[in-house]
Amino acid sequence: MDDENASCTHDSEEDAQLSLLDLPVEIFLHICSFLEASTLVHGLSLVCKQFYLILKDDSLWKARINHIWPDASYPLLRPARPDKLFWKLSCVEMEKQIAQWKQQDSMEKLIIPNSQYSTIDALLLMHDGTTCIAGARDRTLVYWKLPSHEKLSSHEIGHSVCIDSAHNGWIWDLTAIDNTIYSCSWDQSVKSWMLRNTGLVQQRTYEMSVPGALLCVSSCPERALFATGSYSKTVFVFDSKSGHKPIRQYRPHTGAVIKLAMNAEYILSASEDKTISVWDQRAGRTLKSITISTEAFPMCMSMQRDWVCVGDSTAKLHVLNPKNDFELVKSYSTEHTKGITGVHLTHGCLITSSTDGTVRISSPTDPPKPITSLLSGFGEIASMDYLNGILAISGIDITVWRPKSTYSIKYQ
């Protein structure tokens, strides 16, 4: 008996020494296939050097993404610059977005009814999505501090401050540089507002020298610049640190300018003349004009470092390549039945809103694949914004979706 006990003890000691490190790589990866990408990237790969070396291989993450979307290619456009973290963090973000939007209990829905008394065309999320600014056709500007998860359970909708007659006409669009918000209006002016804990405090009024309603505004915080587009086909560029007059104005279209997007190098303007104009800020000239469709005009734009997405009036989505002279490289039909009013593309998902009253969450692949569809509950969606995993839409009301978990990867 003593010999048998000694033998069993010896065997158990050998078994206790076995670990994942002793497994063949193929079996280790098979086990990993049952774990979430976030667990692998933020947990298992940090355990030891061997796990890190196995899980750093891009081919692993490419195969994992291909398994999620076998009939599509990722990404829509290749990154402009080499990024060692691109594939693994993209996979983490993609799995997170799919899980959040497909699981009904993972997102909480906040409805802010009767916040203003007419259509809310201007919507802006700030401070990681905890603050919402809204401008409406009733000329009001509203600041909302969204409730915390704890206060939500007590049926509080958050702190809000309303500015009546913020403009003398419909408020069409909003943008921000740091804590300063810029609103443009049918009254042919842009106004700046300082965001404080107590609400909004007006600072300056910028008036244009050309008649016509101002329909859009965009900003470049890196250069402290903002631009506004007008019904009179003119784009005005301002330096937020200088005076009330534009530092530049130009007329790139034959129709009204209805949307702008800008960064440190370029200003993109979308017009009713069915074109996108690209203005080179450093050269001070129009780089090119792009006709996205002969049947529709662009309604919304989203410009990132590696891509530009444009939604049009016939519910089609177009992708421009800023790395290749803003060439129009992709066009897709969507499941929307009316014009696209908002578009946001991240490494994890593609979000589009429409006047058909729906928001569609799709894969960021070629072609996009449906993940889920959301109903506004109030009909036509006039505007959409997305920040730090939080989605807001507006029409006659405002609806916000946000993750119940506070965990969010800021790789967008």
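Definitions and cut-offs
- Residues numbered from 1 in each chain as written.
- Predicted model: local features only at pLDDT ≥ 70, side-chain atom pairs only at ≥ 80, totals over all residues.
- Heavy atoms only, no water.
- Pairing = 2+ DSSP bridges.
- Helix = DSSP H or I, 4+ residues; strand = E, 2+ residues; numbered from the N terminus.
- Axes fitted to C-alpha atoms, helices over the stretch in contact; angles between N-to-C directions.
- Core = buried A, V, L, I, M, F, W, Y, C linked by side-chain atoms within 4.5 Å.
- Buried < 20%, exposed > 50% of the residue type's maximum accessible area, 1.4 Å probe, protein only.
- Contact = heavy atoms within 4.5 Å.
- Salt bridge = Lys/Arg side-chain N within 4 Å of Asp/Glu carboxyl O.
- Parallel < 35°, antiparallel > 145°, perpendicular 65-115°, else oblique.
- Left-handed = near helix turned anticlockwise from the far one by under 90°.
- Nonpolar A, V, L, I, M, F, W, Y, C, P; charged D, E, K, R; others polar.

(A) Representation of the sheet that holds strand E12 (residues 235-239). The sheet built from four strands is open, its strands ordered E10-E11-E12-E13 with antiparallel pairing. The open sheet has two edge strands with one neighbour each: strand E10 (214-220) and strand E13 (248-250). This sheet shows a mean twist of 15° between the axes of neighbouring strands, independent of strand direction. Alignment of E12 against E13, held across three bridges, turns out to be antiparallel. Across the sheet, Val237 pairs through a bridge with Arg248, a residue of E13.

(B) Quick look at the nonpolar core. One finds Trp61, Trp101, Ile351, Val359 and Leu391 to be the most contacted residues of the largest nonpolar core, which totals 36 residues. The leading source of residues in this core is helix H6 (residues 86-102), at eight residues. In contact with Trp101, other than residues within four places in its own chain, are Ser106, Met107, Cys349, Ile361, Ile371, Thr372, Leu374, Leu391 and Trp401. Within the second largest apolar cluster, 16 residues are counted, among which are Met208, Ala213, Leu214 and Leu215.

(C) Up close: the side chain of Gln100. Tracing the chain through its elements places Gln100 in helix H6. With a relative accessible area of 10%, Gln100 lands in the buried category. With near-sequence residues (within four places) excluded, Gln100 lies in contact with Ser106, Met107 and Pro403.

(D) Just the environment of Ile398, in detail. If you trace the backbone, Ile398 turns up in strand E28 (residues 398-403). For Ile398, a relative accessible area of 0% gives the class buried. As for Ile398 and Ile381, which are separated by 17 residues in sequence, their C-alpha atoms are 9.4 Å apart.

(E) Region of the structure containing the pattern of salt bridges. Overall, the coordinates contain nine salt bridges when judged by the stated rule. Here Asp306 makes a salt bridge to Arg305, at a shortest N to O gap of 3.5 Å. Judged by its relative accessible area of 6%, Asp306 falls in the buried class. A relative accessible area of 45% places Arg305 in the partly exposed class. Note that Asp366 is salt-bridged to Lys330, the shortest N-O span being 2.6 Å. Remark: Lys330 occurs in strand E21 (residues 327-333) and Asp366 occurs in the loop between strand E24 (358-362) and strand E25 (370-375); sequence separation between them is 36 residues. For Asp366, a relative accessible area of 18% gives the class buried. Judged by relative accessible area, which is 24%, Lys330 ranks as partly exposed.

(F) Structural view of unusual backbone geometry. The step from Tyr74 to Pro75 runs through a cis peptide bond, and the omega angle for that step is -5°. With respect to the helices and strands, the residue Pro75 is situated in the loop between helix H5 (58-68) and H6. Between Asp366 and Pro367 the backbone carries a cis peptide bond, its omega angle lying at -5°. One non-glycine residue with positive phi stands out, namely Asp178, at about 55°. Residue class for Asp178 comes out exposed when judged on its relative accessible area of 65%. With a phi close to 55°, Phe326 is a non-glycine residue in the positive phi region. On the secondary structure map, Phe326 appears in the loop between strand E20 (316-321) and E21.

(G) Structural view of the packing of H5 against H6. The contact between H5 and H6 brings their axes to 8 Å, and the two run at 25°. The orientation of H5 relative to H6 falls into the category roughly parallel. Classified by chirality, the crossing of H6 by H5 is left-handed. Where H5 abuts H6, its residues Asp58, Trp61, Lys62, Arg64, Ile65 and Ile68 lie against Trp87, Lys88, Cys91, Met94, Glu95 and Ile98. Split by residue class, the contact of H5 with H6 holds seven nonpolar, no polar and five charged.

(H) Structural context of the pairing of E12. Across the five residues that make up E12, a large majority, four, are buried. Between strand E11 (residues 225-230) and the antiparallel strand that follows it, E12, lie four residues; Lys233 among them carries a positive phi value of about 75°.

(I) Region of the structure containing the environment of Pro113. Following the sequence through the fold, Pro113 ends up in the loop between strand E1 (107-112) and strand E2 (120-126). When the C-alpha atoms of Pro113 and Ile398 are compared, they prove to be 6.5 Å apart, with 285 residues separating the residues in sequence.

By themselves, these figures tell us nothing about what the structure is for.
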